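Survey of secondary and tertiary structure
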Amino acid sequence: MTFNNVGSRGGRGLFITFEGPEGSGKTTQLQLLKKYLEGRGHRCVATREPGGTALGERLREVIKHHDGEETIADEAELLLIAAGRAQHVRKLIEPSLEAGKIVLCDRFYDSTTAYQGYARGIDINFVSRLNEYASCGFKPDITFLLDLVPEEGFERTSRRIETLLLNDRIESAGIDFHLAVYDGFHKIAAREPERVKIVPADGPVELISQRVRELFDNAFPEI
Ligand code: Z5A
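Residues numbered from 1 in each chain as written. Predicted model: local features only at pLDDT ≥ 70, side-chain atom pairs only at ≥ 80, totals over all residues. Heavy atoms only, no water.

Quick word on the packing of helix 4 (residues 109-119) against helix 5 (residues 124-134)
Cut-off, in case you're wondering: To get an axis, fit a line to the C-alpha atoms, keeping to the stretch in contact for a helix; angles then go from 0 to 180 degrees between the N-to-C directions. Only runs of H or I of at least four residues qualify as helices and only runs of E of at least two qualify as strands under DSSP, and these elements are numbered from the N terminus. In what follows, roughly perpendicular refers to angles from 65 to 115 degrees, roughly parallel to angles under 35, roughly antiparallel to angles over 145, and oblique to any angle outside these ranges. By definition, turning the near helix anticlockwise from the far helix through less than a right angle yields a left-handed crossing, and turning it clockwise yields a right-handed one. It only takes one pair of heavy atoms within 4.5 Å for two residues to be counted as in contact. In the scheme used here, Gly and all other residues not listed as nonpolar or charged are polar, with Ala, Val, Leu, Ile, Met, Phe, Trp, Tyr, Cys and Pro taken as nonpolar and Asp, Glu, Lys and Arg as charged.
At their nearest, the axes of helix 4 and helix 5 sit 10 Å apart, and the two run at 155° to each other. Taken together, helix 4 and helix 5 sit at an angle that is classed as roughly antiparallel. Of the two elements, helix 4 crosses helix 5, and the hand of that crossing is right-handed. Taken together, the residues of helix 5 that come into contact with helix 4 (itself represented by Tyr-109, Thr-112, Thr-113, Gly-117 and Tyr-118) are Ile-124, Val-127 and Asn-131. Looking at the contact of helix 4 with helix 5 residue by residue, the classes come out as four nonpolar, four polar and no charged.

In structure tokens:
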């Protein structure tokens, strides 16, 4: 099944991203929307950032878990994320969209604006230009911003046993950092209300999933 009206840069697929603070339920909601769309006969690809390709997954490991005396400079962190994104777009996202698939991506360039721009304090205009370069001109057709205050997100992830013992550089950056991320996401949504749909992310999983489906169906009634 292909789409005629949508797709970044004239591609024939649909590019959906999920954004939000840590633990806001992005992965859970992405999988539920994927299931919903597959149930309608669409071919879907679920992916994530950092990651999504062999190179991207290696970079993800460094970005999230690098430790030791030599810390990663903020500028280096930004460029590692951008490198992973360019690879991801060229090797997975672009070919999938060209093949008419729906790509659902857990975080994309809005996370760079929120984390490296607003929270780390790197110049927003520069981050924005780098985002454009690294995403090779591809833009999400719709973005779901899962709106959950960082404290609640941490509360959820602190119950997740499998990742509790892993040191996570960004996750452990402190509450002020994560509040700046949260505000950053809302600034992005205020600038681009057509693309970025805010989804209240507290409450039961199924209720949030219903909100996501409704927003999706309103935006793309023909799909
Ligand atoms: N990063 C960056 O700095 N710059 C960039 O450009 C990009 C990324 C692309 C990726 O971490 C890190 O990279 C991230 C930003 C940075 N660091 N931080 N912080 P990640 O991918 O490992 O993790 P995450 O994206 O931050 O979030 P997460 O831990 O994977 O959570 P989530 O996907 O938003 O939520 P979830 O996995 O669906 O749910 C979390 C838990 O809550 C889980 O146990 C669920 O079962 C539970 N859950 C889900 N929904 C609910 C509801 N409704 N109620 C109760 N419990 C729920």
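What about unusual backbone geometry?
Here the residue pair Glu-49 and Pro-50 is connected by a cis peptide bond, since its omega of -10° sits within 30 degrees of zero. As for its placement among the helices and strands, Pro-50 is situated in the loop between strand 2 (44-48) and helix 2 (54-65). A positive phi angle is found at Arg-107, which is not glycine, with a value near 75°. On the secondary structure map, Arg-107 appears in the loop between strand 3 (102-106) and helix 4.

Considering the side chain of His-88
Structurally, His-88 is set in helix 3 (residues 74-98). For His-88, the residues in contact, after removing those within four places along its chain, are Thr-47, Arg-48, Glu-49, Gly-51, Gly-52, Thr-53, Ile-93 and Cys-105.

Some points on helix 9 (residues 205-219)
As a reminder, the rule being used: Multiplying 1.5 Å by the residue count of a helix minus one yields the expected span of that helix. Burial classification: accessible surface area is computed with a 1.4 Å probe over protein chains only, and a residue below 20% of its type maximum counts as buried, one above 50% as exposed, and the rest as partly exposed. For this quantity, the arc is that covered by the directions from the helix axis to the C-beta atoms.
Helix length check: helix 9, at 15 residues, gives a terminal C-alpha distance of 21 Å against a target of 21 Å (1.5 Å per residue), a fit within 8%. Every buried residue of helix 9 is listed here: Ile-208, Ser-209, Val-212 and Phe-216. In a view along the axis of helix 9, the buried residues occupy a sector of 100°, so they form one face of it. Looking at the buried positions of helix 9, the neighbouring elements they touch are strand 1 (14-19), helix 1 (26-39), strand 4 (142-147) and strand 5 (196-200).

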